[in-house]
Amino acid sequence: MSPRLLIAGFVLLLLVAPHLVSEFHVTLLNYIGLYSIVAVGLVLLTGVGGLMSFGQAAFVGLGGYATAYLTTATSLPAWLAMFGGSPWMGLLAGIILTATVALLLGLLTLRLSGHYLPLGTIAWSISLYFLFGNLEFLGGHTGIAGIPALDLFGLPLKDSRKFYYLIWVVVLLAVWLTINLLDSREGRAIRALKGGAIMAEAMGVDTARSKLVIFLIAALFGCISGWLYAHLQRFVNPTPFSLNMSIEYLFMAVLGGAAHVWGAVLGAGVITVLKQWLQDWLPKLLGASGNFEMIVFGLLMIFVLQRARDGLWPILARWVPWQGAQRRVAEAAALPRKSLPEAGTVLLEARNVVKRFGGLVANNNMNLSVRAGEIMALIGPNGAGKSTMFNCVSGVDRATDGEVLFCGRAVTRLDSREIARLGMSRTFQHVRLLPTMSVLENAAIGAHMRGSKGVIQALLHLERTEERQLLVEAARQVERVGLGGSMFEAAGSLALGQQRTLEIARALCADPCLLLLDEPAAGLRYMEKQALAELLRKLRGEGMGILLVEHDMDFVMGLADRVVVMEFGEKIAEGLPEEVQRNPAVIEAYLGGVE
Ligand code: ADP
Ligand code: MG
C-alpha cells in the first residue's frame, strides 16, 4: 500500500468520524487534535532536533491568553486597540508575541549546551504559569471567560462538531508542513543537529540557526493550539498551561515515536484515550477515588518506553504493508560550479601552528602548505598530531597559536562553517555520518551551501527544483566514489571503509577547491584503494588541492606529490615521497617499526 493511500484513508476516517460517534467522543477527538498540534512541534524539536523543551504548554498558554484577553477586554491600551475584538487578530497577536518570546528565549538558551535548555524551559514554564495566575487583567487564577466563538467565513463554530473540522485541518497542515520541512535541504540540516552538529558545521550548516528555527516552529504550533483551545472552550485559566502539561506533551511526542511526525498524532491519541480510560475505570476497580490514574499512567509510561524506546509509531508501521518510498533520483540541471584556482596557486598555508590540550602539545610550530593541483600527504605515527592539525586548519578546533591562511585569507579565528564557505571541505577520521539517513541524503548534506532556499520555501515545498538539483549532485558524487549501488541504503549499514568513502562523496558535494581527507583508505580492500587513488588523481588533474592523512605507506608513496612527516606534534621531514622515504629520521620514527 502506498503511504498516500493510507493518508487518504485516514483523512476519510477523520471526515466521517464526527457523524459516527457521540458528542463526548467528538470532544475527545478535539482534544487529541489540539494536543497533536503541540506534539508535532515537539517531534520536530525534541525527537528530530534533540532539543528538550519543558515549556511547550507555556507557548500554548501564550496563544490562548493572547486571544482571550484581546477578544474580551472592554478597553485596550491604544497600541493594542488594533488587535482587539476579533479572534483572527487575536491569533495574529499571539503569533507575534510567541515568536518574539521564543526568539529571545532561544537566543538565550540554545547556544548553551547540555542542561541549559531543559532548565531554561522549565524556568520559563513555571514563571509564565505564575504570571498568568497573578496578572489581574488576565483574570488571575479564575481566568478569562466569555471568549467569543470563532467565525469561519460567516459560519460560527459554536459546537464541538463544527470545531472538530477546523482543529483537524490544522493538525493535518502542521503534519504536512513538518514533513515537508524535514524532507528538504533545511530539513537535512535539522536532522543533523542530533549527533552530527560538528559535521554539519563543517559542511557549512549554521546549526545555531537551525536550532532556533525548530524552537520557533514548535513554539508557534503551541501558540496556534492554544488559540484554538481558547475559542473551543471559550474560557481559559492557567491550569492547562502548567509544567505538568508540558511534561505530558513530551510524553506524547516520545511515546508516539519521537522522530516520526505521524507518531505525534498517535502519541496524543494514545495518551488522551488512556488517561480518560484510567479516569473512568480506576475508581471503579479500586473502589476509591484519588489520583491513582496518575500513578498508573506513570508506570505505564515507564513500561512502554522500556519496551519500545523508539515509541509506538515504528511498531505500528511494521504492521502496515508499506510500499517503499520511491527509489529514484529525478532529473535536474547541474548545479553551477566554482572555478578552481590555477594549478600551483597556494591554497592553504599553516604558519607555526601550535595546539595545546592542557599540558600536551599536540601540534608544535607546524608549517605546511598545499597548492592547487597537488596531493600533499601528512604522515606520522599514531598520536603524532595529524588529525589535530586537520581540525586546526579546518576550523573544527582552534589553534592555540600560529596562523592559517586559506586562499590568501587569514582563517585562524573563523568557524568551520565560514571556512567551508571559502571552499575547504573535509572528511573525518572517525566517520561522522547520520547512520539512519540514506547514503544519498548523507552526501546531500555536503551540498548544503550550494542551495539557498530557506525554511519558508521548505515548509511549503516551493524549493523542489533546487532540491532536485542538490540530490542529483549528491547522486553524482555517490556514483563517482563507487557507492551508486547503495544509494538508498541507510549509511549506517555500510562497511566502515565504504562509510569513509561516503564521507568523500559528501565533501565533494560542497564543490571544494581544497579537500582534506583524514585516513580515507583505512578499512578499504586493495581494489577499493586502487579506485580511491584513481579518483584522487582525477581530482588533482582537475585542479583540486588535496591534503591527505594516511597510514598506508604504499598508498601514499604512489600518490602524493609531496609529503610532510610528523612525530610528537612536530614536523620532522618534508619533501618528495622518495626523499622522505630515505630520510633517516623518518625511518627511525615512523618506518623503523614497520620495515
Ligand atoms: P593522529 O591523528 O596523528 O593520530 P591526533 O591529532 O589525533 O593524532 O592526536 C595527537 C595527540 O593529541 C594525541 O596524544 C591525542 O591524545 C591528543 N588529543 C587529540 N585530541 C585531543 C583532545 N580533544 N583533547 C585532549 N587531547 C587530545
Ligand atoms: Mg588521526
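Here, every reference points to the structure presented above.
Every residue gets a number counted from 1 within its own chain, in the order that chain's sequence is written. Chains and ligands are labelled sequentially in the order written, the chains with letters from A and the ligands with numbers from 1. The model is predicted, so local features are restricted to residues of pLDDT at least 70 and side-chain atom pairs to those at 80 or more, both for listing and for counting; the totals for chains, interfaces and linings are taken over all residues. Neither water nor hydrogens contribute to the side-chain values; these are computed over all heavy atoms in the structure.

Chemist: Even after reading the chapter, I still don't get the pairing of strand β5 (residues 346–357), so can you show me in this structure?
Modeler: Walk down a regular strand and you will see the side chains alternate between the two sheet faces. Pairing geometry for β5 and strand β6 (residues 360–371), over eight bridges, is antiparallel. Of the residues in β6, the one forming a bridge with Phe357 is Leu360. Judged from the five bridges that link them, β5 and strand β8 (residues 401–406) form a sheet pairing that is antiparallel. Bridge pairing links Glu349 to Leu405 in β8. Here the rule is simple: two strands pair whenever DSSP picks up at least two bridges between them. The helix count covers DSSP runs of H or I at least four residues long, the strand count covers runs of E at least two residues long, and both are numbered beginning at the N terminus.

Chemist: Please clarify how the coordination of the magnesium ion (ligand 2) should be interpreted in this entry.
Modeler: Ideal geometry at a metal gives 109.5 degrees between four tetrahedral donors and either 90 or 180 degrees between six octahedral ones. Protein ligation of the magnesium ion (ligand 2) involves Ser387 (OG) and Gln429 (OE1), the donor distances falling in the range 2.0 to 2.1 Å. Note that Ser387 is positioned in helix α14 (residues 386–394) and Gln429 in the loop between β10 (424–426) and α16 (439–445), a separation of 42 residues in sequence. Donor atoms are limited to N, O and S found within 2.8 Å of the metal ion, a distance that becomes 3.2 Å for Na, K and Ca. With water left out, some sites might look partial.

Chemist: So what exactly am I meant to see when it comes to the packing of aromatic side chains here?
Modeler: Think of a pair of aromatic rings as described by two things: how far the centres are apart, and how the planes are tilted against each other in angle. Stacked, tilted and edge-to-face pairs are distinguished by plane angle, under 30 degrees for stacked and over 60 for edge-to-face with tilted covering the rest, among Phe, Tyr and Trp rings (Trp via its six-membered ring) whose centres lie within 6.5 Å. Taken as a whole and assessed by the stated rule, the structure comprises 16 aromatic pairs. Their ring planes at 70° and their centres at 5.9 Å tell us that Tyr35 and Tyr249 sit as a pair that is edge-to-face. Placement of the pair is Tyr35 in helix α2 (residues 23–48) and Tyr249 in helix α10 (residues 243–257), with a sequence separation of 214 residues. Among the residues examined, Tyr35 registers a relative accessible area of 18% and is labelled buried. You can call Tyr249 buried: its relative accessible area is 3%. Ring plane angle 85° and centroid distance 6.0 Å describe the contact between Phe59 and Phe215, whose orientation is recorded as edge-to-face. In this pair, Phe59 sits in helix α3 (residues 56–72) while Phe215 sits in helix α9 (residues 207–233), placing the two residues 156 residues apart along the sequence. Residue exposure (1.4 Å probe, protein chains only): buried if accessible area is under 20% of the type maximum, exposed if over 50%, otherwise partly exposed. We classify Phe215 as buried; its relative accessible area is 1%. In textbook terms, an aromatic cluster arises when at least three aromatic residues are bridged by ring pairs, as seen for Tyr31, Tyr35, Tyr65, Phe132, Tyr229, Phe241 and Tyr249. By definition, being over a ring means that NZ of Lys or CZ of Arg is both within 6 Å of the ring centre and within 35 degrees of the ring normal. Sitting above the plane of the Phe297 ring, Lys275 keeps its charged end 5.9 Å from the centroid.

Chemist: How should I be thinking about unusual backbone geometry in this particular structure?
Modeler: Backbone phi values are negative for most residues with the exception of glycine, while trans is the configuration of most peptide bonds. The phi dihedral of Asn365 falls on the positive side, at around 50°, and the residue is not glycine. One can find Asn365 in strand β6. Its identity as a non-glycine residue notwithstanding, Cys407 has a phi of 50°, on the positive side. Secondary-structure assignment places Cys407 in the loop between β8 and β9 (409–410).

Chemist: I keep staring at the sheet that holds β5 and nothing clicks. Help me out?
Modeler: Backbone hydrogen bonds are what pair the strands of a sheet, in a parallel or an antiparallel way. The strand order across the open sheet formed by four strands is β6-β5-β8-β9, and the pairing between neighbours is antiparallel. Each edge of the sheet is formed by a strand with only one pairing partner; in this case those strands are β6 and β9. Direction of pairing for β8 relative to β9: antiparallel, over a ladder of two bridges. Bridging across to β9, Leu405 finds its partner in Ala410. Throughout, a contact is declared for two residues whenever any of their heavy atoms are within 4.5 Å. Axis geometry follows a simple rule: fit a line to the C-alpha atoms, using only the stretch in contact for helices, then measure angles between N-to-C directions, giving values from 0 to 180 degrees. On the sheet, α14 packs against β5, β6 and β8 and is oriented at approximately 115° with respect to β5.

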